[in-house]
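Fold and geometry: a report
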Amino acid sequence: MNVFAIALFGILAVFSILQTFYVLAFVSSMNLPSSKTIQDELLPKAAVILSLRGADPFLADCVRALLYQNYPQYNLHIVVDSQEDPAWNIVQETIQQAGAKHVQVSPLIARQNTCSLKGSALVQAIRALDNSYQVVAFIDADVIAHPTWLRELVVPLMDKEIGVTTGNRWYITQTGQWGSLVRYLWNTVAVVFMSIQQAPWGGSIAMKLSVLRRSGLLEKWTQSISVDTPILGALQAMGLNVKFVPTVLMPNREECNLAQCLRFIQRQLLSTRLYNPQWLLIVAQVFTSTLAVVMILVLLLIVLSSGNIGAALGITGGFASYILALALQMVLVEQCVQRVFRARDESTTRFSTLIAAKMLVAIPLTQLIYAAAIVSAILIQKVEWRGISYQIQGPWNIRLIEYQPYQLSSQPLDTNISL
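Structure report, in brief.

About the cut-offs
Residues numbered from 1 in each chain as written. Predicted model: local features only at pLDDT ≥ 70, side-chain atom pairs only at ≥ 80, totals over all residues. Heavy atoms only, no water. Helix = DSSP H or I, 4+ residues; strand = E, 2+ residues; numbered from the N terminus. Rg over C-alpha atoms; globule rule 2.2 N^0.38 Å. Buried < 20%, exposed > 50% of the residue type's maximum accessible area, 1.4 Å probe, protein only. Contact = heavy atoms within 4.5 Å. Areas by Shrake-Rupley, 256 points an atom, 1.4 Å probe, with all protein chains shown as cover. Lys, Arg positive; Asp, Glu negative; His and termini not counted. Charge placed at Lys NZ, Arg CZ, Asp CG, Glu CD. Pairing = 2+ DSSP bridges. Axes fitted to C-alpha atoms, helices over the stretch in contact; angles between N-to-C directions.

Some thoughts on the overall build of the protein chain
Within the protein chain, the secondary structure is distributed over 13 helices and 10 strands. For the protein chain, whose C-alpha radius of gyration is 22 Å, the value lies close to the compact-globule estimate of 22 Å for 419 residues. Overall, the C-alpha framework of the protein chain stretches about 75 × 50 × 40 Å when taken along its three principal axes. Expressed as a percentage of its 419 residues, the buried residues of the protein chain come to 53%. Sequence separation of at least 24 residues holds for 82% of the intrachain contacts in the protein chain that already meet a minimum separation of 6. Surface summary for the protein chain: the accessible area is close to 18900 Å², and the carbon and sulfur share equals 58%. Taking the 29 positively charged and 24 negatively charged side chains of the protein chain as two groups, their mean positions are separated by 5 Å.

Topic: the sheet that holds strand β9 (residues 388-394)
As summarised here, the arrangement of the 3 strands in space is β8-β9-β10, forming an open sheet in which the pairing is antiparallel. The sheet terminates laterally at β8 (382-385) and β10 (397-400), the two strands that pair on one side only. The mean inter-strand angle of the sheet, taken between neighbouring strand axes irrespective of direction, is 25°.

Quick word on the environment of V80
Following the sequence through the fold, V80 ends up in strand β2 (residues 74-80). Counting along the chain gives 38 residues from V80 to K118, while the straight-line C-alpha distance between them is 9.8 Å. Apart from the residues lying within four places of it in its own chain, the contact partners of V80 are L52, D85, A87, W88, V105, S106, P107 and L108.

This is the structure we're talking about:
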């Protein structure tokens, strides 16, 4: 029994040490000097594309922020799923209040049945751009861009070896719902790994338009369930790099329950399974560490039932040390990200004592949900996103089963809940 317990803790120790190296590498990348400033007249003309289906909780703020970017030449192109969509009126009212002229709003017309609706919207918007545009940026509706967001994404693209710049989302939970806590923890790990692996996030990203057109991504997007996951492979085939830009880490203050959190992680992992060549390595790592956690908990129950208090205390202490080590890693990453937000004068939320205590419980819970989501992503053949179901027959064999406009009745009653 003692040898078995030692072996299990050895496995967790190895994973904790590896995670520590990843966290330290992420922290180092966050401390790199910012890109050099470029005069306005040297910045290329840019198009910002926002695709919408449903009215995200902070949609008006998102659109308003995009209308006031500190960037000399840019136009905002918004593609709404349909004019019946609840997002349509919010967008029109926000633009009218701002009196903005550098924005174009269109319904999705060129809808493909072989890809996601987001893919169809982006392809429609990009194909309508003329040759005066040199850069295109994409943003999600759950992102509120600070005034220099577009500039910070575009400036590193002046390097000929960089084809794409990207940030990532950062969840901020204020209510301490279990789903929000698990999503926060899962996403924290994801952000660390994505920044190290140069994996782009489609919600805050910019590309040279010439690179986009030569990469074949437009054709891939018309056959894919994901927009961002295929980008890295396409860029590597061209000998170009993806650059992670720490200053465009974007806060997300939406909340979710455990069921919504599981569906969210499942969708992310489905894209990883279909398009990430390291998928099997991810599966092996998650299953090995999760199995070790489960076996330790089972072992604890066995020694408790046998009355072996000394062994139970040893196992409890070892497991608590593992959880605390992961918690310290999360704190280190959180502090780095908060420095980015404070530099932009954006408010951050301190965890209350209750939320901090729940976070310690949420760490092993997140690991279990992560493993469950991986199993689901392996087995799933159909996925639903915002009321639309897609049949998954292969990475490039996607079928939109049945289209229907997004209905106002589908909006959550709580205006702070993620769609």
